[in-house]
Amino acid sequence: MLRYVTTNSGKVREAREYLDAVEQLNYDYTEIQAAELGPIAVRGAREAYRHAGEPVLVDDAGLFVEGFDGFPGPYSAFVEHTLGIETVQRLVAREIDAPRRASFRCVLAYCDGDAFDASPDPVDREDRAAAAAVGADDDADDADDPLPVKLFTGSVRGRIVEPRGDGGFGYDPIFEHDGTTFAEMSAEAKNAVSHRGRAFAKFASWYQER
Ligand code: ITT
Ligand code: NA
């Protein structure tokens, strides 16, 4: 049984479209402080696997505002809970000129205790490049942890706008993609273009083979 390790039920709703068998494991693994999502997800997946003793999938995501050099990025959850998304939107509106570009990124980290086939498939190649981009290889202080973790990534570009819509979760009301905020989209429409949808589409096809 695959455990999707998250405290966020919004993530679980979206994952269900790709994996109907997925079971949420509401476990708050340690999130290390890092400038990128990759090392946070890798460390989290190892800790969650050691905790659960069965296959786990960890999802680390964030909102990266271009004009703020990627902030809040890996600190998105902390910033959502301290400032709130409306304050983030007002700060962006005050400090950054339109079009106020931003992107959502998602890193899925899978661990089942076994090693992975090294033969590169197309998804592998794409994700290895993306994993390098999210800094998954820079994690010097646990480079000697032998537990293998496989990463799948997804991202989507958009812009920060005044809040609209009441679907989705987190920063969805202030993130507009092609004229529609993520909170104005159905879960299916969001999945079709979102960071998480893209990462899950890759993960699901790989996982079905495994
Ligand atoms: P877990 O770590 O337990 O999975 P979390 O909500 O803390 O849950 P993250 O650490 O990945 O998740 O933090 C991601 C932050 O970015 C958090 O504030 C989310 O609300 C937000 N976020 C992630 N994916 C999002 C999405 O698809 N739409 C809107 N906001 C999102
Ligand atoms: Na978290």
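Residues numbered from 1 in each chain as written. Chains lettered and ligands numbered in written order. Predicted model: local features only at pLDDT ≥ 70, side-chain atom pairs only at ≥ 80, totals over all residues.

As annotated in an unreviewed UniProt entry, the protein carries the name Non-canonical purine NTP pyrophosphatase and comes from Halobellus rubicundus. Of the protein, the UniProt comment under Sequence similarities (unreviewed entry) reads exactly: "Belongs to the HAM1 NTPase family." (UniProt positions renumbered as here; feature names shortened; annotations may be inferred.)

(A) The arrangement of the overall build of the protein in detail. Helix and strand counts for the protein come out as seven helices and seven strands. Overall, the protein shows an N-to-C arrangement of helices and strands of β-α-β-α-β-α-α-β-α-β-β-β-α-α. Taking 2.2 N^0.38 as the reference for a compact globule, 210 residues should give roughly 17 Å; the C-alpha atoms of the protein span a radius of gyration of 17 Å, in line with that estimate. Taken over 210 residues, the protein has a buried fraction of 40%. Taking the intrachain contacts of the protein between residues at least 6 apart in sequence as the baseline, contacts between residues at least 24 apart amount to 64%. (Helix = DSSP H or I, 4+ residues; strand = E, 2+ residues; numbered from the N terminus. Rg over C-alpha atoms; globule rule 2.2 N^0.38 Å. Buried ≥ 20, exposed ≤ 12 C-beta atoms within 10 Å, placed from the backbone. Contact = placed C-beta atoms within 7 Å.)

(B) Geometry of the nonpolar core. Among the nonpolar cores identified, the biggest contains 48 residues, and A41, A45, V58, L108, A109 and L151 are the most heavily contacted of them. Broken down by secondary-structure element, the contributors of at least two residues to this core are β1 (3-5), α2 (37-52), β3 (56-65), α4 (85-95), β4 (101-111), α5 (122-133), β5 (150-160) and α7 (195-209). Per-element tally for this core: the top contributor is β4, with eight residues. Sequence-distant contacts of A109, defined by excluding residues within four places in its chain, comprise A41, V42, G44, A45, V58, V149 and L151. (Core = buried A, V, L, I, M, F, W, Y, C linked by C-beta atoms within 7 Å.)

(C) Structural detail: the site of ligand 1. In the vicinity of ligand 1 there are 21 residues, among which T6, T7, A61, A77 and G170 approach most closely. For the shell around ligand 1, the elements supplying multiple residues, two or more each, are β3 and α3 (76-82). Considered class by class, the residues forming the shell around ligand 1 number seven nonpolar, eight polar and six charged. (Near = placed C-beta within 6 Å. Nonpolar A, V, L, I, M, F, W, Y, C, P; charged D, E, K, R; others polar.)

(D) Representation of the confidence of the model for the protein in the model. Taken over all residues, the pLDDT of the protein has a mean of 92, while the share at 70 or more is 96%. Scoring the predicted complex yields pTM 0.94 and, for the interface, ipTM 0.98. (pLDDT = per-residue confidence, 0-100.)

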